Every structure is written in C-alpha cells, then in structure tokens.
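# A closer look at the structure
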Amino acid sequence: MGEIICLGIESTAHTIAIGILDSKKGIIADQRSMYTTDKGGIIPIECAKHHKDLKEELLKKALEESKLKIEEIDFFAYSEGPGLPPSLIVGKDFAKELALKYNKPLVGVNHLVGHLEEGKYFTKAKDPVFIFVSGANTQIIAHEGKKYRVFGEALSVGLGNALDKFGRAVGLGFPAGPKIEQLAKKGNFIEIPYVVKGMDVEFSGIVTHCINLYKKGAKIEDLCYSLQETGFSMLLEVTERALAHTGKKEALLIGGVAANQRFVEMLNLMCKERKVKSFACPLKYSGDNGIQIAIAAMLQYKSDYKVYKTKKQKELADINTNWRIDQVETPWMDMFKK
Ligand code: AMP
Ligand code: MG
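This section reports on the structure supplied with the text. Every value quoted in this text rests on a predicted model; they were computed, and no experiment measured them.

What counts and how
- Residues numbered from 1 in each chain as written.
- Chains lettered and ligands numbered in written order.
- Predicted model: local features only at pLDDT ≥ 70, side-chain atom pairs only at ≥ 80, totals over all residues.
- Heavy atoms only, no water.
- Donors = N, O, S within 2.8 Å, 3.2 Å for Na, K, Ca; no water.
- Helix = DSSP H or I, 4+ residues; strand = E, 2+ residues; numbered from the N terminus.
- Buried < 20%, exposed > 50% of the residue type's maximum accessible area, 1.4 Å probe, protein only.
- Salt bridge = Lys/Arg side-chain N within 4 Å of Asp/Glu carboxyl O.
- Phe/Tyr/Trp six-rings, centres within 6.5 Å; stacked < 30°, edge-to-face > 60°.

### Remarks on the coordination of the magnesium ion (ligand 2)
Protein coordination of the magnesium ion (ligand 2) is provided by H111 (NE2), H115 (NE2) and D288 (OD), with donor distances spanning 2.0 to 2.3 Å. For the magnesium ion (ligand 2), the donor residues sit on a single chain with the sequence spacing H-x3-H-x172-D. Here H115 is found in helix α3 (residues 111-123), whereas its partner D288 is found in the loop between β12 (277-280) and α9 (290-302), with 173 residues between them in sequence. D288 matches H115 in its accessibility class, with the two residues each being buried.

### A closer look at the pattern of salt bridges
One side chain can pair with another of opposite charge once the charged atoms of both are near each other. Applying the stated criterion across every chain yields a total of 20 salt bridges. Close ionic contact of D304 with K309 constitutes a salt bridge, the shortest N to O distance being 2.9 Å. Judged by its relative accessible area of 47%, D304 falls in the partly exposed class. Residues K311 and E315 are paired through a salt bridge, measuring 3.3 Å at the closest nitrogen-oxygen approach.

### Structural notes on the packing of aromatic side chains
Summed over all chains, the structure comprises six aromatic pairs. Centroid distance F75 to Y301: 4.1 Å. Interplanar angle 5°. Geometry classified as stacked. Linking F75 in strand β4 (residues 75-81) with Y301 in helix α9, this pair joins segments that are 226 residues apart in sequence. Under the relative-accessibility criterion, F75 is labelled buried at 0%. On the basis of relative accessibility, which here comes to 22%, the residue Y301 falls in the partly exposed class. Seen from their ring centres, Y121 and F122 are 5.1 Å apart, and the 85° between their planes marks the pair as edge-to-face. With relative accessibility at 23%, the residue F122 sits in the partly exposed group. One aromatic cluster is present, formed by Y121, F122 and Y285 through successive ring pairs.

Function-wise, these values are silent; they only describe arrangement.
Have a look at this one:
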C-alpha cells in the first residue's frame, strides 16, 4: 500500500480528540480537549456537550496543523467503545457524518486496542505484557493465540477511577491522579488493605478505607503515598505472574495512570530483577488521544477489520459500550509477523 492518511476521533469519556496519522510521515496532527471539573466527577451529559461544542474547532485545528484539506484524508476512524454512551455517540456521529459526506471508509476502533497499539508504536515493544491502567479500566493484558487476552483485572473500579474517587472525597477535584502523585512525594507509609484475589485486584474497599482514615484525621500526603504504593504493588504482583505464565520478555505500562513517575520507577525495578525489558508509554500519549485511534485504525484498515465501506455499512456503524478487548479480532498481528 502507498501513503495512507487516517483521521481518528477519540471520544470515549472525558476527552474529545482528533489525530491524523500518515502511514509514511507518522503523526501530522494531534488536537485534544479534555473535560475537567474543579470539584465533582464527570457529569456524562455535560461532558458530551463539551465534546459536541468542540469537535468542529478541533477538526479545523487538526487540518491546519497537518496542512491538509479534508478531501485528502483517506479514511475516518472513531472509538466504538468501551466508554460512556453520551460521549461515544458524539464521536461516532461525527466520524460517520464525515465518512458519508466525503465518501471515505469508516473504521470502528476498540479504544483499549488503541491504547495497546499506540503503546507499541511509541516504545517499539513487540509483544509485551501490558499493564493497562486508565480511568475506568485496569487490566493486565497480553496477546495469545489470535487475541489480546486479559490475565487479571480490577474487579470493581479501575485504579484511575479509584484515585479520582479518593480525590473527590478529599477535595482534590478531577482528575485527582496528578495531584495525588505530587502529594505522595511528601507522605509516609500507613498500612492499608492490600487486595489481590487470584489474578484480580480490588480497589474499592481500599479507597473507602482511606477516605475513612482521612475523616479520622490521617494526613492526606500519607494517604496519597500509601494508596499509590499499595495499588501499584498489587498490579505489579499480578504482572509478574502474567510474565511468568506467558514467558514474555517485555512489560509495557500504558493508560492515564502511566503518567505517574513512581509507578514507572516501581515497574522498572521489578522488571530489572526478572530480566524483562520495561517500557512506559510516553507521558504525552498515556492519556486518551486521537492518535491512538488512528494507529489502531491504520492496522485495521490494512488487514480489513471493521472497515465500513458502503453507505449502508456506514449508516449502521454504532457504538459498543461494553466492548471487551478479548472480543476484538487482531488479523494485523498475523499479517505483520510474516
Ligand atoms: P485515561 O482514562 O487513560 O485517560 O486516564 C485517566 C486517569 O489517569 C484519571 O483517572 C487520572 O486521575 C489518572 N492519572 C492521570 N495522571 C496521573 C498521575 N500522574 N498519577 C496517577 N494517576 C493519574
Ligand atoms: Mg483511555
């Protein structure tokens, strides 16, 4: 295939983003806007309104940045799921409208596959165990057979959301992760529950425990530090077992929480002991963005997976709120191995 240009739209949760990827030149545009609040969590309808209000402006900026005319885009892609329905609908409708209007194919991408493929793209890791830690999702994933498979996961709430939940209760606003990281630097360790069940982890009880300690007067810095150390250790314990089970020699940290430098440091230590190569997705690409959708979409386009070509197919394109990663086919893996 010659030069192909994909425009990817991300809108699963708090971020609306447009990324343009050129198969020869790489990233040529990356525009994003994140919905934030000072105090409470995400209000889905308001978040969707934010996305709706900003989508046209982001498209305009992305085209300016890439110095392209929209007619030069070869295909459009969107985050089909998983995510918050009101947010997902905005991205889906926008991508659909553009693909129909400019008569170009439309590709439906699994947001999680977007994170994984983007992580590999930037770090050059080939076949890692992924420690995927974002707001809603926390999963230890590796490719086995023909799919990405989940080896362990957070049972109720993802680590990012757990940090945000704690942050909300103690008045840090959203997103709380970066503030917790800063506060933790001045904290000391307090014993809090450590909950690994088989290959899964459970954060909700830990958060409640920390909120209760806060109400009883525990220092916020100590709670932030202990929450981080405990949560990260739990995930690394499961990662070590996934590495042993799969025999893989690489570990790759991705998702919004991968921005946490303490987590990266702990991962590096564990991997060094096991003689495994450790990677972390660059900070800039650890959170939700349009490039992740374009990168996965490019692989899908080349291997003809979920490429909606006809008017009818495009009109039927939908969202898939609970689309699990182990339900995604990965035909590009076989193609590029050869
Ligand atoms: P994502 O859903 O992948 O965009 O990730 C968003 C999540 O990452 C939110 O829950 C944030 O609180 C969390 N996050 C962002 N930066 C950090 C950080 N430095 N430390 C811990 N968590 C973070
Ligand atoms: Mg995400």
